[in-house]
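What follows is the residue order along each chain.
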Amino acid sequence: MKKYQFILVPVLILALMTNVKLIGQNRTIEEKVDSLLAIMTLEEKIGQMNQYNGFWEVTGPAPEEGDAKQKYEHLKKGLVGSVLNVKGVDEVRKLQELVVSESRLGIPLIFGYDVIHGHRTMAPIPLGESASWDLKAIEKSARVAAIEASSVGLNWTFAPMVDISRDARWGRVMEGAGEDPFLGSKIGIARVKGFQGDDVSAYNTIAACAKHFAGYGFSESGKDYNTVDVGTSTLYNIIFPPFKAIVDHDVKTVMNSFNILNGIPATGNSFLQRDVLKEKWAFDGFIISDWGSGFEMIAHGFAKDLKHVAELAANAGSDMDMESSAYVKHLKTVVEEGKVDIRKIDDAVRRILKVKYELGLFDDPYRYCNEKRESELIGHKDHHDAVLEMAKKSIVLLKNEGQLLPLAKNQKRIAVIGALAADKNSPLGSWRADAIENSAISVLEGLEKYSKNITYAKGADVITGSATFINELTINKTDRSGFQEAITLAKTSEKVILVLGEHGFQSGEGRSQVNLDLPGVQQELLEEIYKVNQNIVLVLMNGRPLTIPWAEEHIPTILETWHLGNQSGNAIAQVLFGDYNPSGKLPMTFPRNVGQVPIYYNYFNTGRPGPIDLVFWAHYTDEKNDPLYPFGHGLSYTEFEYTNLQIDASDNNVIKVGVTVKNIGKVTGEEVAQLYIRDKVASVVRPVKELKGFEKFSLEPNESKHVEFTLTSKELGFYDQEGNFIVESGTFDVMIGTSSQKGLTGSFERQ
Ligand code: BGC
C-alpha cells in the first residue's frame, strides 16, 4: 500500500515536480485540496471531472486499440477522476494502482455503482421498503448494502433516488419512495445515513448520491426521459424538499437528470445546480451528470455539438461528466477560449477532491480493497436476516375480507398458482447490482417450509422470451395452455394462493407502460380460477401500483408484496401463515384506472370539487374520482381504534396534536399513525391534505398508546412562488388516522 507523503515546500517548487503524492497531515481538508489544486494542470483538473464506465477486463492485458485503449491511456495520464461499474477487490485494486502509480499526481479514483437496494444480498425494491414507513429498518437495509458494496472496492453509490412521482406508468417509481415529499424526505435521510454512516471515511461506508436533480419523476405521460414542465408550486413544495432534506444531512453527491425542466436540460441548468443547490442550499459536495446527459443536450436542441455541451454543462455547474466525454475532449479548449471561467473549473475540482479526501482515499487509495472482507461479507447471513426483516415490513395487506388470512398452520389442500410463485428471479427486482440470477427464495419455496399440503400449478407465464428487454411482444398475451391444470387444482383445493403481477424487469429505467392492469393473460387466469374456487388469496408481486378493480371487487384477500429481494418467499410465507402481522402502508396511490393517473392524495381542490349538479364539476363521466387504494392504506390482522383527538394550539410555535390508538383485535400488531394537515386559506393554494408526521409502533391486544405530534413552522409553512419559505396564520384542519382517507379530524387557529 502506497502512503501519500506531505511535502512542505513552496507551491512553486511543487508545481515543477512530477509524480507528487501530496497530502498534508494535521491540515484541514480544504487546505489539502487547495495545495493539490495549486499544482494541477488544467488538463489534470479536467481529468478529475471525467468519469468513464468500466471498459475492459481489468484482470486481462491492457487493451491495444479502440475506445478502451484510449480510456486506458487517459487513466495513466490522470485524465479520469472516477469510474463506474468496476467492482470486485481485484479489479478495483488494479485500476486504482494504474492511476496512483502511473499518473503524475496519483490522485485516486472514486468507484461508483448503482447500489439501489442491496449489492449482492437484495433487499426489497425501494418503493417496497418505503411501504414499511420504518426508518430504522430502511437505514439498516442501506447499511447492509454499503457494507457489501464497500467490501468489493466500491466507495460511492448512485442512490438514493428521491424523485417524487405521481405516475405509476413511469417505470422508475420502483426506485423511489413514492408520491409524498414528507415521507420521501424522511426515507431519503434514512438511506443516506445508512450508506454514509457516521463516518464516511470508514472502510465500510460509502458516499451516497441524491438523484435525479430535478423533476425526473414528473416526466410527461410517465414516459421515461420525457419533457418535464412543472409550475413553481410543485417544484418548490413537492420536487425539491427530499433533495433539500438530504443535502442538509450531508449527502456527498447529487446526480442531475436526463430531462428538461421548463425548457432547460437539467445538466445545463444553472438555476438548478448553481442557484438552488450550490448557493441557496449551500451544497458542498459535487454534482455528477446522469449517464451521457451532457451529450443528450444535443438531441434536446440545447447544445449544438459536444464542445458546446462542455461549455454549457460546466458553466451550469455539472461537476463531473458521466460517459459523455464532453469535458475530457473539449473543456480545455473551451476554457482557453474564455467561454468557461477557470474559477468554475477550480470549484468543480475542489468539490470532487474534497469528497475523495472525505472518503479517505488519499490516506489509503485501497481502503476499500480487502479480499478478506470481500469473501467474508458478501452474502453474509446477517445481511439475509436484515433483508428478511425489511421484506416482511414492506408487505401491505390491501384487503382481508372473511379473514382468509392468516392461513392455519394445518390448512389442508393449498393450491399455489402463478408463474411468479415459482420465480426465483423476479423478486430480485430491477436495479439488482451484483445479485446472483435466480437466487431469491420463491413464494413456493417459502410456503413449502410451512406446509406439506401445497400443490403448485403455473397457470400462465407472465412473459415469454427475453426478460431483460421487456416490450409488448414479450408479455405473454396468448399462451393459456396451463389454465386447465390450474383450474383443476383450484377446484380440489381449500384455499388458492394466486401469485400474479409483474416480472422483475417490467419496472425500472426505460420500462414505462400505458397499461397498469395485470399483465398478459393473468387477469383471465384470475377470473377462471374464481369461477371454481372463491377462497383466493391474491399475492401481488410488482414494481409499481397496478389497476386491479375487478380483484378488489371479487377477491376476498389481497396482499401487496412488490419485489421483495432475496428473502421474498420466506417473508411472504411468514405473513401468509401469520408469523408476521403485516404492517405496511402504501407510499403511492393505487388508481382504479390508468386514466386517473397522475393520481395522488395531496391534490388541490378545484373550484368545483363536489357534485354541484350531474355534469359540471371536476369528475370523470366513466370512472369514480377516488383511488382504488389511497396513499397510506394498509391493513393488519388486528384492528386499531383511534379516539380522543386532542389539539393544543396555545403556543403558536409548537402546536401539539395527539390521539389514543388502541389495539382492539386479538393479535399483536404494528400500526403507523399518520398526521395530515390542511391550511384552509393561504396566499398560495394548499393541498387538501399534507402528511406532516407519522409514527410506527407495536401494540398488544387491548393495549393502547397516546401518540403525540408537534407542528412547528417547519410543518405548517410552505414555499411561495419565488421559493421563499413562509408560514401564515389562519385555520388549519388536522387529521390523525390509519391512512390518508381515514382518521379523526379537528382544526385549530394559528395566530
Ligand atoms: C440512470 C442513473 C444511473 C446511471 C448509472 C442512468 O441511466 O438514470 O440513475 O445511476 O445510469 O448507471
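Residues numbered from 1 in each chain as written. Predicted model: local features only at pLDDT ≥ 70, side-chain atom pairs only at ≥ 80, totals over all residues. Heavy atoms only, no water.

Enquirer: Sorry if this is basic, but what is going on with the site of the ligand here?
Expert: If you check the shell around the ligand, you find 13 residues, and the closest are D114, R172, K211, H212 and D290. Measuring from an oxygen atom of the ligand, one finds a side-chain N or O atom of K211 at 2.8 Å. Contacts to the ligand include H212, whose side-chain N or O atom sits 2.7 Å from an oxygen atom. When the ligand is considered free in solution it has 310 Å² of accessible area, and contact with the protein chains removes 92% of it. For the shell around the ligand, the per-class residue count stands at 7 nonpolar, 1 polar and 5 charged. (Near = heavy atom within 4 Å. Polar contact = N/O pair within 3.5 Å; in protein donor to acceptor, adjacent residues only side chain to side chain. Areas by Shrake-Rupley, 256 points an atom, 1.4 Å probe, with all protein chains shown as cover. Nonpolar A, V, L, I, M, F, W, Y, C, P; charged D, E, K, R; others polar.)

Enquirer: Could you clarify how one ought to interpret unusual backbone geometry in this entry?
Expert: Peptide bonds are, in most cases, trans, and in most cases residues other than glycine have a negative phi. Omega for the bond connecting A159 with P160 falls within 30 degrees of zero, at 5°, which places this linkage in the cis form. Among the structural elements, P160 can be located in the loop between β4 (156–157) and α8 (181–196). At the junction of L405 and P406, the peptide bond is cis and its omega measures out at -5° in the coordinates. Tracing the backbone through its elements, the reader meets P406 in the loop between β11 (396–400) and β12 (414–417). At W133, a position not held by glycine, the phi torsion is positive, near 50°. Mapped onto the elements, W133 comes out in the loop between α6 (126–130) and α7 (135–151). The phi dihedral of A282 falls on the positive side, at around 55°, and the residue is not glycine. (Helix = DSSP H or I, 4+ residues; strand = E, 2+ residues; numbered from the N terminus.)

Enquirer: Honestly, helix α12 (residues 306–316) in this entry has me stumped. Any pointers?
Expert: Since there are 3.6 residues in each turn of an α-helix, residues three or four apart along the chain are aligned in direction. The buried fraction of α12 is high, at 10 of 11 residues. The set of residues buried in α12 consists of L306, H308, V309, A310, E311, L312, A313, A314, N315 and A316. Contact partners of the buried residues in α12: α10 (270–280), α11 (296–300), α13 (326–336) and α14 (342–358). Positioned one or two residues after α12, G317 has a phi angle of 100°, which is positive. (Buried < 20%, exposed > 50% of the residue type's maximum accessible area, 1.4 Å probe, protein only. Contact = heavy atoms within 4.5 Å.)

Enquirer: Teacher, can you tell me more about the nonpolar core here?
Expert: Soluble globular proteins: nonpolar side chains tend toward being buried together. Core analysis: the biggest nonpolar cluster contains 81 residues, and I417, I497, L498, I529 and L576 have the highest contact counts within it. The dominant element in this core, judged by the number of residues it contributes, is strand β15 (residues 536–541), at 6 residues. Ignoring anything within four residues of it in the chain, the contact list for I497 reads L407, I414, A415, V416, I417, L447, V537, V539 and L576. Counting residues in hydrophobic clusters, the runner-up holds 62 residues, among them L79, Y113, I189 and A208. (Core = buried A, V, L, I, M, F, W, Y, C linked by side-chain atoms within 4.5 Å.)

Enquirer: How should I be thinking about the packing of aromatic side chains in this particular structure?
Expert: Geometrically, a pair of aromatic rings is defined through the distance of the ring centres and the angle of the planes. This model, assessed by the stated rule, comprises 23 aromatic pairs. On the numbers, 5.5 Å between centres and 10° between planes, the contact of F732 with F748 is stacked. A residue pair is termed long-range when its members are at least 10 positions apart, and F732 in strand β24 (residues 730–739) and F748 in strand β25 (residues 742–750) qualify at 16 residues. Given a relative accessible area of 5%, F748 falls into the buried group. Taken together through their ring pairs, the aromatic side chains of F213, Y236, F240, F243, W281, Y719 and F725 make up a single cluster. Directly above the ring of Y600 sits R166, whose terminal nitrogen or CZ lies 3.6 Å from the centroid. Directly above the aromatic system of W431 lies the positively charged group of K211, at a separation of 5.4 Å from the ring centroid. (Phe/Tyr/Trp six-rings, centres within 6.5 Å; stacked < 30°, edge-to-face > 60°. Lys NZ or Arg CZ within 6 Å of the ring centre and 35° of its normal.)

Enquirer: In this structure, what is going on with the pattern of salt bridges? I would like to understand it.
Expert: Should the charged atoms of two oppositely charged side chains come close, the side chains can pair. Inspection of every chain in the model, using the stated rule, returns 47 salt bridges. As a salt-bridge pair, K332 and E336 come within 3.3 Å of each other at their nearest N and O atoms. Of this pair, K332 and E336 both sit in helix α13, 4 residues apart, roughly one helical turn. For E336, a relative accessible area of 54% translates into the label exposed. One network of salt bridges, with partners in common, ties together D114, R172, E175, K211 and E509. (Salt bridge = Lys/Arg side-chain N within 4 Å of Asp/Glu carboxyl O.)

Enquirer: Would you explain the packing of helix α2 (residues 29–38) against α14 in this entry?
Expert: Two packed helices can be described by the angle between their axes and the distance between those axes. One can describe the packing of α2 onto α14 by two numbers: an axis separation of 9 Å at closest approach and a directional angle of 125°. With respect to each other, α2 and α14 are oriented oblique. Viewed along their axes, α2 and α14 form a crossing whose handedness is right-handed. Where α2 approaches α14, its residues I29, E30, K32, V33, D34, L36 and L37 are matched on the opposing element by D346, V349, R350, L353, K354, Y357 and E358. Classifying every residue of the contact of α2 with α14 gives 7 nonpolar, no polar and 7 charged. (Axes fitted to C-alpha atoms, helices over the stretch in contact; angles between N-to-C directions. Parallel < 35°, antiparallel > 145°, perpendicular 65-115°, else oblique. Left-handed = near helix turned anticlockwise from the far one by under 90°.)

Enquirer: Honestly, the sheet that holds strand β20 (residues 690–699) in this entry has me stumped. Any pointers?
Expert: In sheet architecture, strand pairing relies on hydrogen bonds along the backbone and comes in two forms, parallel and antiparallel. Taken in spatial order, the 4 strands make up an open sheet running β20-β19-β24-β25, and their pairing is antiparallel. Each edge of the sheet is formed by a strand with only one pairing partner; in this case those strands are β20 and β25. In this sheet, neighbouring strand axes are inclined to one another by 20° on average, regardless of whether the strands run parallel or antiparallel. (Pairing = 2+ DSSP bridges.)

Enquirer: Any chance you could explain the environment of R191 here in plain terms?
Expert: Examined against the element boundaries, R191 turns out to sit in helix α8. With relative accessibility at 5%, the residue R191 sits in the buried group. With 51 residues separating them along the chain, R191 and K140 place their C-alpha atoms 8.3 Å apart. Beyond its immediate chain neighbours, meaning those up to four positions away, R191 contacts P126, E129, S130, I138, A142, P160 and G176. Side-chain polar atoms of R191 contact the side chain of E129, separated by 3.2 Å.

Enquirer: Explanation requested: the sheet that holds β15 in the structure shown.
Expert: Read from one edge to the other, the open sheet built from 6 strands follows the order β11-β16-β15-β14-β12-β13, with strand pairing classed as mixed. Both outer strands of the open sheet, β11 and β13 (454–457), are each paired with one neighbouring strand and no more. Direction aside, neighbouring strands of the sheet carry axes that sit 20° apart on average. With 4 bridges connecting them, β12 and strand β14 (residues 495–501) associate as parallel partners. Bridge pairing links I414 to K495 in β14.

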